Amino acid sequence: MNHEDVWQTVLGDIELQISRPNFLTWLKNSQFLGKDEKDTGVALVGLPNNFAKEWVKSRYHKIILGSLRNIDGSIKNIDYVVVGANAKNPIAISVKKPKADNDVRPQSELIETRIDPKTNLNPRYDFKTFIVGSSNEMAYAAAQAVVKDVGKKYNPLFVYGGVGLGKTHLIQSIGNEIILAYKNQVSVLYVSSEKFINDVVQALRNKRMDDVKRKYRDIDVLIIDDIQFIGGKTATEQEFFYTFNTLYENNKQIIISSDRPPSAIPTLEERLRSRFEGGMIVDVVYPDYETRLAILKTKAKETGAVLDEKIMEQIAARVQKNIRELEGVLNKVVFYEQYKSGQIDNKKLEEIINEAVQVAPRNITPNDIVKTVAEFFEVPTADMTQRSRKQEVVEPRQIAMYLMREVLKMSYPHIGDRLGKRDHTTAIHACDKISKEISQNPGLNQKILLIKERLYKL
Ligand code: ADP
Ligand code: MG
């Protein structure tokens, strides 16, 4: 048998044992690459990307190994190799021992190279590139005031609002501007709340709490992004509270962002909440059409691209809820026009916009979500909707909760009820956890995109 015949036989076996969508998702671009050079009984199986590799390895290894051994008894184990989706002639690929898994670098590395290690600030964010409109003018004014009167006027400054509405941009701009205005005489530190939590957890583990105290209490301006994640983690919240007090009492400036106001972070300790409420609270909301158009024009200029006015108007009209998405669409259109050396047509523009705003078809039900997620993870639907504590349904259930919130905008109590009669705090926790992890874990993001794709096809 040649490699292709071997693999067809194996796929035939697997196809009988897993669902059709899963089969297509995970094994469509798989291939058998033969046995390893040293003939140690290791078979090499090629997959299009790291994500598929991990998935197939953890889910289908047993079936594949069994099936391969039926064909060739000398096979004892399998190495899964990433070969890319379009490897033309799989069999001709050299079958040297694959490199270690961790060769794949996280994408974020690319972005982080420009960040100043002393302040953690990204120089990309400054006031000059921040477009002000009715959606953010209060927040902008407060930010300006903080630069003028560091530690005095608005302390803490608490900025809240939905995803992609410019919170990180704004609070980092304050930091960058302070460094500039005070010629490095004022020390600034920007951290995500994850980073803060990590630092505290590590320090507790290594008994080096003094380091953390020094790091966070010896500065003039502390900027903490996405504070909602700190709530409920006792040790970190405790430490944050002390840090907050120390800085505050010494007239140091504290700047905080969150996806919701302090009063709506259910897990936040009362004393911390009242501290936040004692400062200045401002929100950023969805930008109006004029602001969106102005942002698009600025971003286009930044990238040096020349876009037709009509096209920018169309994008600004359709992409309403998230400035990051607005930028994403712009980048795609610019890329497309450069690639085609010509103006984008309406059909393609629609396609790009639709992809970004992900309009959910009206008829998706909570049940569809449960079924699609259950099938994706190959767990029984009943385990998701009942009070099962089985480990393998924890993640699927959290993802289902997240999707009910994101796609169907269901209320937290309702979501909790649908998925195992849990209370609303469990649902809030799940949704927060998933939305936080999506940005850090490309694997999770990928899973959710695949699930959504199936959901929208129903
Ligand atoms: P958030 O932290 O609220 O999720 P970000 O600050 O990361 O949002 O903003 C998302 C993207 O949109 C960033 O690239 C940011 O530069 C851009 N952006 C947001 N608001 C504005 C604005 N008012 N003017 C220019 N760009 C903006
Ligand atoms: Mg942010």
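Note that the coordinates shown come from a computational prediction; the quantities given were computed from them, not determined experimentally. (Residues numbered from 1 in each chain as written. Chains lettered and ligands numbered in written order. Predicted model: local features only at pLDDT ≥ 70, side-chain atom pairs only at ≥ 80, totals over all residues. Heavy atoms only, no water.)

K.L.:
How should the site of ligand 1 be read in this particular structure?
P.N.:
Around ligand 1 sit 19 residues, and of these Gly 164, Thr 168, His 169, Arg 324 and Glu 327 come closest. In this structure, an oxygen atom belonging to ligand 1 sits 3.1 Å away from a main-chain N or O atom of Gly 166. Note that an oxygen atom of ligand 1 is positioned 2.4 Å from one of the side-chain N or O atoms of Glu 327. Protein contacts shield 95% of the accessible area of ligand 1, which totals 560 Å² for the unbound molecule. For the shell around ligand 1, the per-class residue count stands at seven nonpolar, seven polar and five charged. For the shell around ligand 1, the two domains that each supply at least three residues are domain 2 (127-284) and domain 3 (289-356). (Near = heavy atom within 4 Å. Polar contact = N/O pair within 3.5 Å; in protein donor to acceptor, adjacent residues only side chain to side chain. Areas by Shrake-Rupley, 256 points an atom, 1.4 Å probe, with all protein chains shown as cover. Nonpolar A, V, L, I, M, F, W, Y, C, P; charged D, E, K, R; others polar. Domains from an automatic or database assignment.)

K.L.:
For this particular structure, what's the right way to read the pairing of strand β7 (residues 253-258)?
P.N.:
One face of the sheet, then the other: side chains in a regular strand alternate in exactly this way. The buried fraction of β7 amounts to six of the six residues, a majority that puts the element mostly inside the structure. A two-sided burial pattern is seen for β7, the buried positions comprising Gln 253, Ile 255 and Ser 257 on one face and Ile 254, Ile 256 and Ser 258 on the other. Taken together, the four bridges between strand β4 (residues 157-160) and β7 define a ladder with parallel strand orientation. The partner of Tyr 160 across the bridge, within β7, is Ser 258. (Buried < 20%, exposed > 50% of the residue type's maximum accessible area, 1.4 Å probe, protein only. Helix = DSSP H or I, 4+ residues; strand = E, 2+ residues; numbered from the N terminus. Pairing = 2+ DSSP bridges.)

K.L.:
How do you make sense of the environment of Thr 9 when you look at a structure like this?
P.N.:
With respect to the element layout, Thr 9 can be found in helix α1 (residues 3-17). Here the alpha-carbon distance between Thr 9 and Ser 67, two residues 58 residues apart in the chain, equals 8.0 Å. Ignoring anything within four residues of it in the chain, the contact list for Thr 9 reads Met 1, Ser 67 and Ile 71. (Contact = heavy atoms within 4.5 Å.)

K.L.:
What's the story with the pairing of strand β3 (residues 77-82) in this structure? I'm lost.
P.N.:
Across six bridges, strand β2 (residues 42-47) lies against β3 in parallel orientation. Counterpart to Leu 47 in the pairing with β3 is Val 82. As for the winding sense of the linkage, the β-α-β connection from β2 through helix α3 (residues 50-71) to β3 is right-handed. (Right-handed = clockwise from strand over helix to strand, strands pointing away.)

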